[in-house]
Amino acid sequence: MTTTANIPEPDPTWDYYLTYHKLLKAEAQLNQLINYIKELESASSESDESINEDLFDLVQFLEDETRLPVELLISNEE
C-alpha cells in the first residue's frame, strides 16, 4: 500500500479495496457523530432522535454495503 499526503492508497485490484473505502466512509461518519455528541451540553428528544437516526444509518450502511467477496465466503465455508 502506497501513501500520498499521509493518505493510504491501496491497489485497486486488492480484494478488500471496496471494503476498505466503505469502512473509511463509515469511520468519517462515526467521527462526525462523535464530534456532534461532544458539543452537546445536555440530552434532548431532538438530539436523541438525531443520534439514533445517524447510528441506524451507519449500521445499515455497514450491513448492506460491507460484504466479503463471494469467492472468499465460499472458500471459508468449506
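Refer to the structure presented above.
Residues numbered from 1 in each chain as written. Predicted model: local features only at pLDDT ≥ 70, side-chain atom pairs only at ≥ 80, totals over all residues. Heavy atoms only, no water.

Colleague: Explain the overall build of the protein chain to me, using residue names and the numbers behind them.
Modeller: Within the protein chain, the regular secondary structure consists of three helices and two strands. Secondary structure elements of the protein chain occur, N-terminal to C-terminal, as β-β-α-α-α. With 78 residues in all, the protein chain has 13% of them scored as buried. Looking at the protein chain alone, contacts between residues at least 24 apart form 42% of all its contacts between residues at least 6 apart. For the protein chain, the accessible area works out to roughly 6500 Å², and carbon and sulfur atoms hold 54% of it. (Helix = DSSP H or I, 4+ residues; strand = E, 2+ residues; numbered from the N terminus. Buried < 20%, exposed > 50% of the residue type's maximum accessible area, 1.4 Å probe, protein only. Contact = heavy atoms within 4.5 Å. Areas by Shrake-Rupley, 256 points an atom, 1.4 Å probe, with all protein chains shown as cover.)

Colleague: How would you explain the environment of Y20 if you had to name every residue and give the values?
Modeller: Tracing the sequence through the fold places Y20 in helix α1 (residues 17-39). Taking relative accessible area as the criterion, Y20 reaches 18% and is therefore assigned buried. Through-space distance from the C-alpha of Y20 to that of P10 is 8.6 Å; in sequence the pair is ten residues apart.

Colleague: Give me α1: which residues, what numbers.
Modeller: With 23 residues, α1 should reach 33 Å at 1.5 Å per residue; the first-to-last C-alpha distance of 34 Å fits that figure. Every buried residue of α1 is accounted for by T19, Y20, A26 and L33. (Expected span 1.5 Å × (residues − 1).)

Colleague: How would you sum up the environment of H21? Please name residues and give values.
Modeller: Secondary-structure assignment places H21 in helix α1. What makes H21 partly exposed here is its relative accessible area of 34%. Between the alpha carbons of H21 and E9 there is a distance of 9.9 Å; along the sequence they are twelve residues apart.

Colleague: Give me the side chain of S47: which residues, what numbers.
Modeller: Inspection of the secondary structure puts S47 in helix α2 (residues 45-65). For S47, a relative accessible area of 4% translates into the label buried. A distance of 3.0 Å separates a polar side-chain atom of S47 from the backbone nitrogen of S44. (Polar contact = N/O pair within 3.5 Å; in protein donor to acceptor, adjacent residues only side chain to side chain.)

Colleague: Any chance you could break down a negative patch on the surface for me, citing the residues and the numbers?
Modeller: On the surface, E46, D48, E49, E53, D54 and D57 cluster together into a negatively charged patch. Given a relative accessible area of 57%, E46 falls into the exposed group. (Patch = residues over 30% accessible without salt bridge, like charges linked within 9 Å, V, L, I, M, F, W, Y side chains within 5 Å. Salt bridge = Lys/Arg side-chain N within 4 Å of Asp/Glu carboxyl O. Lys, Arg positive; Asp, Glu negative; His and termini not counted. Charge placed at Lys NZ, Arg CZ, Asp CG, Glu CD.)

Colleague: Break down a nonpolar patch on the surface for me, with residues and values.
Modeller: Among the surface-exposed residues, L30, I34 and L55 lie close enough to one another that they form a single nonpolar patch of about 220 Å² accessible area. Locating L55 in the fold gives a position in helix α2. A relative accessible area of 36% places L55 in the partly exposed class.

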